[in-house]
Number of protein chains: 2
Amino acid sequence: MALPLTPAHRRSVVIAFATVLFVCYFMTIGHEDNYSSFKSLSTQWSASKDTTVVVDVKQSNETPPQLASSSESKPLPSLGNISSYVSSPPRRANATLVMLARNTDLNGVISSVEQLEARFNRKFNYPWVFLNDEPFSTDFKRHVASLSSAVDVSFGLIPRESWVQPDWIDEGKAQEGRNKLAVFRAYRNMCRFNSGFFFNHELLTPYKWYWRVEPDVRYYCDLDYDPFLFMEDRDKVYGFTISMPEWEPTIPSLWSTVKNFVAEHPQYVSPDNSMDFLSDNSGDSYNMCHFWSNFEIADMDFWRSEAYTKFFEYLENTGGFYYERWGDAPVHSIAAALFTRKDQIHFFKDIGYKHAEFAHCPQGKQWREGHCSCDPNDNFDFAQNSCLRHFMRLHD
Amino acid sequence: MALPLTPAHRRSVVIAFATVLFVCYFMTIGHEDNYSSFKSLSTQWSASKDTTVVVDVKQSNETPPQLASSSESKPLPSLGNISSYVSSPPRRANATLVMLARNTDLNGVISSVEQLEARFNRKFNYPWVFLNDEPFSTDFKRHVASLSSAVDVSFGLIPRESWVQPDWIDEGKAQEGRNKLAVFRAYRNMCRFNSGFFFNHELLTPYKWYWRVEPDVRYYCDLDYDPFLFMEDRDKVYGFTISMPEWEPTIPSLWSTVKNFVAEHPQYVSPDNSMDFLSDNSGDSYNMCHFWSNFEIADMDFWRSEAYTKFFEYLENTGGFYYERWGDAPVHSIAAALFTRKDQIHFFKDIGYKHAEFAHCPQGKQWREGHCSCDPNDNFDFAQNSCLRHFMRLHD
């Protein structure tokens, strides 16, 4: 059905066509800009490193964006209202990658960062925070900062008061405990820092979510989605990849302390908790199961909550971090299992990970789609000493 | 200046606005599609692997695209002529990544592929070709194929006639040569295969460009541009990262053979050659300098050219690959240096690479922008034994 074209109709068509060309042209610019802005930021960062190397205890003035903001995309050219149809920056979580490390760990740090950047963060550009109980060397900072395409890479010093053994600890008794287990005091400082302090470090307080990374670990697979947004959208609190039993001599009095705390503060215990992960007899005794905390993707607001704050203080006051050798793994795990709902703890079975000799290697479709480099048979999930079956039975 | 809007004008504006919305909507689909098509291809590939694992001597029916075609983007939804303004698939080279490996090299192969995928090929999705003188195991193929996001990953067998020692070789004399240098016959087979045969393997004949990869090498930096297109656009032939002198006892008669060949076929020698890389006395003697051929980005059409074909045949007929231990590195390097223009050989100084104990680590801005994980001081470029200065003096 051919309609006769009046001059006005013709004008309509010409205007429509011209408008399309005009908008398409600007859309192209917009899309190219997303890419070039990424590069220009990268150049900018490189340039800034030339002069300042990197900043110790670099505190960003920006509040990290909670929802629709992105540090890697600059604004599109002004198109009036049309720009709102064109593109919006990807939604991001208020999250950071965090690693506790020493200058002597440099090679292991490079290895971990290189892998996590390649497999995940190159696409997401989340900031990195590195913490140390001594100042990081210029060499360390230069090497590590250059590895990431993220704009924010910060290096912080841990304040003495959240690291060293408090004065009120009976050193004789602590020494006795150390001799028994043949571990150094520094290790106890680290366990205590990770249990009760890291999330209040000034470089971490701006953030809600974190991914804990350690030197010399392996990340085997691509992660093509944002695990922080995944957790946020599902009201998750704590994510893990490997679980196993703790060595009992390091925590002889931990469970009785936990039971005392719970008796005094029953209001913090979730009605839908994961006690069956921790105990084979409904809480009478601890089965030593814990999430291996060298990998954690979790919500720091949980550690900052009243429940966990009181819990940590209660543990701290017993001196168990120094008289015994309470690890942050059982402390975090017990709190997450008792004070959250069981559906708030997430097993990241699609994240291939190895620390020391223990690996979680995704299986089947996830192994293939993640282009994983691990051997699917090198997988601790259902090894005799794994606690994954205890976690699984909660979700049957 | 406000113009009075007639009904026809109003119609023009409404049509223009509606058209913009309509086109914007389809452009969004187009752009999302580029992403989702990547994923769907990846799924497709994973699915196909479920049933066929991977194909030995898989010969694609498609001619690899020379210019404007892309295996990772499916066609945009039909928009008539408008689609041509919207997006066109990225230009690609007719290129492949290639590795000679054995089943026992699996861990080293995984390591090299994982790095090159992470640092380069995840963005470019060039195919992989793996070659072996024995059939690859199912386990090898399953592991290696899953590492790449490329759609084409092929595993091929090297035909006996391009691998084993030819019958006309005097085995007594060859044995004597092997005893002198304490190397195995298989190593000589490999050197000869890499010198004169790989580019005519049926899995490689569809391609013009290749990037040679070896098990257990390191790729330290991001490569954000396409090195094949880079070479194609600049009429380059051969790219390297590391150069060094050959061990003289492996090639005692190679240079005199080369000189004889050149005397008989002066027409193949480029007037603007790189003799000063090979010789410190204008060709009288060989200084042993060669490009280290475990890394090569080069044009197979050069190896297939009349000049190189005649050259290889000439070398082959002397039996030097078996009576001595001529390596593919000096053979390739001498040919590239003599039969191409000196500006056709490219030093990829932005590609961080390590094989055995020799590394090329990019410096300064390239190190930072490539997010390199190498130590800039671990760099062979101007070490005493490096031949880079011989290359550099050509380009002063």
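Within each chain, residues carry numbers counting from 1 in the order of the written sequence. Chain labels run from A onward and ligand labels from 1 onward, assigned in the order the entries are written. With the structure being a predicted model, the display of local features is reserved for residues of pLDDT at least 70 and the display and counting of side-chain atom pairs for 80 or more, all residues being used for whole-chain, interface and lining totals. To obtain the side-chain values, all non-hydrogen atoms of the structure were used and water was disregarded.

Engineer: Hey, could you run me through the overall build of chain A in this one?
Structural biologist: Numbering of helices and strands runs from the N terminus; a helix is a DSSP stretch of H or I covering at least four residues, while a strand is a stretch of E covering at least two. Secondary structure summary: chain A contains 15 helices and 12 strands in total. In these tables, accessible area is a Shrake-Rupley quantity obtained with a 1.4 Å probe, and a residue counts as shielded only by the protein chains included in the view. Of the roughly 17,100 Å² of accessible surface on chain A, a fraction of 55% belongs to carbon and sulfur atoms.

Engineer: Would you mind showing me how to read the state of the cysteines here?
Structural biologist: One covalent bond between the sulfur atoms of two cysteine residues makes up a disulfide. Residues and elements named next belong to chain A. What counts as a disulfide here is a pair of cysteine sulfur atoms lying within 2.5 Å. In this structure the tally under the stated criterion is six disulfides over all chains. Note on cysteine connectivity: Cys-361 is disulfide-linked to Cys-374, with sulfurs 2.2 Å apart. Its S-S torsion of approximately 80° makes the covalent link between Cys-361 and Cys-374 right-handed. You can see Cys-361 sitting in the loop between β12 (358–360) and α14 (364–369) and its partner Cys-374 sitting in the loop between α14 and α15 (388–394), a full 13 residues away along the chain. Residues Cys-361 and Cys-374 agree in their burial class; the two are buried. Look at chain A and number its bonded cysteines as they come in the sequence; the links are 1-4, 2-6, 3-5. In this model Cys-191 remains outside any disulfide bridge; the closest cysteine sulfur is found in Cys-387, 18 Å from its own. Here's how the labels work: a residue is buried when its accessible area is under 20% of the maximum for its type, exposed when over 50%, partly exposed in between, all with a 1.4 Å probe on protein chains only. Residue classification places Cys-191 among the buried positions, given a relative accessible area of 1%.

Engineer: Looking at this structure, I do not really get helix α5 (residues 171–181) of chain B. What am I missing?
Structural biologist: Because each turn of an α-helix spans 3.6 residues, side chains separated by three or four positions end up pointing in the same direction. All names here are of chain B. Within α5, the full set of buried residues consists of Ala-174, Gly-177, Arg-178 and Leu-181. Along the axis of α5, the buried positions cluster into a sector of 100°, meaning they face one direction only. Set apart from the buried face of α5 by more than 90 degrees, the exposed residues are Glu-176, Asn-179 and Lys-180. The contact definition used throughout considers only heavy atoms, calling two residues in contact when any of these lie within 4.5 Å. Those residues of α5 hidden inside the fold are in contact with α6 (185–196) and α12 (320–323). Here α5 starts with a cap whose side-chain oxygen sits 3.0 Å from the backbone nitrogen of Gly-172, and that cap is Asp-170. Positioned one or two residues after α5, Ala-182 has a phi angle of 50°, which is positive. Arc definition: directions from the helix axis to the C-beta atoms. Polar contact criterion, stated in full: a pair of N or O atoms within 3.5 Å, where within protein one must be able to donate a hydrogen and the other to accept it, and residues adjacent in sequence count only if both atoms are side-chain atoms.

Engineer: Could you clarify how one ought to interpret the sheet that holds strand β11 (residues 353–355) of chain B in this entry?
Structural biologist: Sheets are built from strands paired through backbone hydrogen bonds, the pairs being either parallel or antiparallel. Residue and element names in this part refer to chain B. The pairing criterion is simple: DSSP has to find at least two bridges between the two strands. Taking strand neighbours across the sheet as the criterion, the three strands line up as β5-β11-β12 in an open arrangement whose pairing is antiparallel. The two strands at the open ends of the sheet, each matched to only one other strand, are β5 (218–219) and β12 (358–360). Pairing analysis gives three bridges linking β11 to β12, with the strands arranged antiparallel. Residue His-355 lies in a different strand from β12, and its bridge partner there is Phe-358.

Engineer: What is the right way to look at the confidence of the model for chain A in this model?
Structural biologist: Atom-level detail of predicted coordinates should not be read off regions where pLDDT is low. Residues and elements named next belong to chain A. Overall, the prediction assigns chain A a mean pLDDT of 84, with 78% of residues at 70 or greater. What pLDDT conveys is the predictor's confidence in a given residue, as a value from 0 to 100. Low pLDDT (under 50) marks residues 1–5, which in the prediction has two contacts with non-local residues, meaning those over four places away or in another chain. Confidence drops under pLDDT 50 across residues 13–85; counting only partners more than four residues distant or on other chains, this segment forms 109 contacts. Prediction confidence for the complex, expressed as pTM and ipTM, is 0.76 and 0.71 respectively.

Engineer: Which parts of the structure should I look at to understand the pairing of strand β9 (residues 296–299) of chain A?
Structural biologist: Walk down a regular strand and you will see the side chains alternate between the two sheet faces. All names here are of chain A. On β9, burial covers both faces: Glu-296 and Ala-298 on one face and Ile-297 and Asp-299 on the other are all buried. Two elements, strand β4 (residues 209–213) and β9, share four bridges in a ladder whose sense is antiparallel. Pairing of Arg-212 across the sheet is with Glu-296, part of β9. The sheet contact formed by strand β6 (residues 238–240) and β9 spans two bridges and is antiparallel. Each bridged residue has a counterpart across the sheet, and for Tyr-238 the counterpart in β9 is Ala-298.

Engineer: I would appreciate a short explanation of the packing of aromatic side chains in the present structure.
Structural biologist: Given two aromatic rings, their pairing is described by the distance between the two centres and the angle made by the two planes. Note on aromatic pairs: the rings of Phe, Tyr and Trp (six-membered ring only in Trp) are paired at centre separations within 6.5 Å, and the planes decide the class, stacked below 30 degrees, edge-to-face beyond 60, tilted for the rest. Enumeration over the complete set of coordinates arrives at 89 aromatic pairs over all chains. Ring centres of Phe277(A) and Phe391(A) lie 6.4 Å apart, and the angle between their planes is 85°; on these two criteria the pair is classed as edge-to-face. In this pair, Phe277(A) sits in helix α9 (residues 275–278) while Phe391(A) sits in helix α15, placing the two residues 114 residues apart along the sequence. Take Phe277(A): its relative accessible area is 0%, and that puts it in the buried class. A relative accessible area of 5% means that Phe391(A) is categorised as buried. On the basis of an interplanar angle of 70° and a centroid distance of 5.7 Å, the ring pair of Phe321(B) and Trp326(B) is categorised as edge-to-face. Judged by relative accessible area, Phe321(B) falls into the buried class, the value being 1%. When the NZ atom of lysine or the CZ atom of arginine is within 6 Å of a ring's centre and also within 35 degrees of its normal, the charge is said to sit over that ring. Positioned above the aromatic ring of Tyr126(B) is the side chain of Arg92(B), whose terminal nitrogen or guanidinium carbon lies 4.5 Å from the ring centre.

Engineer: What exactly am I supposed to notice about empty space enclosed by the protein here?
Structural biologist: Over the atoms rolls a probe the size of a water molecule, and its path tells where empty space is left. Residues and elements named next belong to chain A. Computed over the protein atoms alone on a 1 Å grid, cavities are sets of points where a 1.4 Å probe fits but cannot get out and pockets are open sets with protein on both sides within 12 Å along at least five of seven lines; a residue lines them when it has an atom within 4 Å of a point. Grid points are joined across faces, edges and corners, and a volume is the space filled by probe spheres set on the points. Throughout the structure, instances matching the rule amount to seven cavities of 30 Å³ or more. A volume near 120 Å³ is recorded for the largest cavity. Of all the secondary structure elements, the ones that give two or more residues to the lining of the largest cavity are β1 (95–100), α6 (185–196) and β4. We call Asp, Glu, Lys and Arg charged. Ala, Val, Leu, Ile, Met, Phe, Trp, Tyr, Cys and Pro are nonpolar, and the rest, Gly among them, are polar. When its residues are assigned to classes, the lining of the largest cavity shows nine nonpolar, one polar and two charged.

Engineer: What should I look at first to understand the sheet that holds strand β5 (residues 218–219) of chain A in this one?
Structural biologist: One open sheet accounts for three strands, arranged β5-β11-β12 (chain A); its pairing is antiparallel. Because the sheet does not close on itself, it has two edges, and the strands there are β5 and β12 of chain A.

Engineer: I keep staring at the environment of Phe382(A) and nothing clicks. Help me out?
Structural biologist: Residue and element names in this part refer to chain A. Relative to the helices and strands, Phe-382 resides in the loop between α14 and α15. The sequence separation of Phe-382 and Gln-115 amounts to 267 residues, and the corresponding C-alpha distance is 25 Å. Residues within four places of Phe-382 in sequence aside, it is in contact with Leu-388, Arg-389 and Met-392.

Engineer: Please clarify how the pattern of salt bridges should be interpreted in this entry.
Structural biologist: Any two side chains of opposite charge can pair, given that their charged atoms come close. All names here are of chain B. Here a salt bridge means any side-chain nitrogen of Lys or Arg lying within 4 Å of a carboxyl oxygen belonging to Asp or Glu. Counted under the stated rule, the structure contains 48 salt bridges over all chains. A salt bridge links Lys-208 to Asp-301; the nearest nitrogen and oxygen atoms lie 3.4 Å apart. With Lys-208 in the loop between α6 and β4 (209–213) and Asp-301 in helix α10 (residues 300–303), this pair connects stretches of sequence that are 93 residues apart. Looking at Lys-208, the relative accessible area reads 19%, which means it is buried.

Engineer: Just checking my understanding: could you explain the side chain of Ser279(B) for this structure?
Structural biologist: Residues and elements named next belong to chain B. On the secondary structure map, Ser-279 appears in the loop between α9 (275–278) and β8 (289–291). Within the local environment of Ser-279, its side chain forms a polar contact with the backbone nitrogen of Gly-283, the two atoms lying 2.7 Å apart. Polar contacts involving the side chain of Ser-279 include one to the main-chain carbonyl oxygen of Ser-285, which spans 2.7 Å. Here Ser-279 is in contact with Asp-284, Ser-285, Asn-287 and Arg-393, once residues within four sequence places are set aside.

Engineer: It is not clear to me how the layout of surface pockets should be interpreted in this structure. Could you clarify?
Structural biologist: Residues and elements named next belong to chain B. If you add up the space inside the second largest pocket, you get close to 820 Å³. Lining the second largest pocket are 39 residues; nearest its centre among them are Tyr-187, Met-190, Arg-212, Glu-214 and His-355. Ranked by the residues each element gives to the lining of the second largest pocket, the list is headed by α6, at six residues. In terms of residue class, the lining of the second largest pocket is built from 22 nonpolar, eight polar and nine charged.

Engineer: Hey, could you run me through the side chain of His201(A) in this one?
Structural biologist: Residue and element names in this part refer to chain A. Relative to the assigned elements, His-201 resides in the loop between α6 and β4. Polar side-chain contacts of His-201 include one of 3.0 Å to the backbone nitrogen of Leu-203. Leave out the neighbours within four places in its chain, and His-201 touches Leu-131, Gly-156, Leu-157, Ile-158 and Pro-159.

Engineer: What is the right way to read the packing of α6(B) against helix α11 (residues 306–318) of chain B from this model?
Structural biologist: Each packed pair of helices is defined by two parameters, the angle between the axes and the distance between the axes. All names here are of chain B. Under this scheme, a helix contributes an axis fitted over its contacting stretch, all axes are lines through C-alpha atoms, and angles between N-to-C directions fall in the 0 to 180 degree range. In the contact formed by α6 and α11, the axes pass within 10 Å of each other and the chain directions differ by 155°. Considering the angle they form, α6 stands roughly antiparallel to α11. Residues Arg-192, Ser-195 and Gly-196 of α6 form the contact with α11, whose participating residues are Tyr-308, Phe-312 and Glu-316. Here the residues of the contact of α6 with α11 are counted per class, giving two nonpolar, two polar and two charged. Angle categories are assigned with fixed cut-offs, so that under 35 degrees is roughly parallel, over 145 is roughly antiparallel, 65 to 115 is roughly perpendicular, and the rest are oblique.

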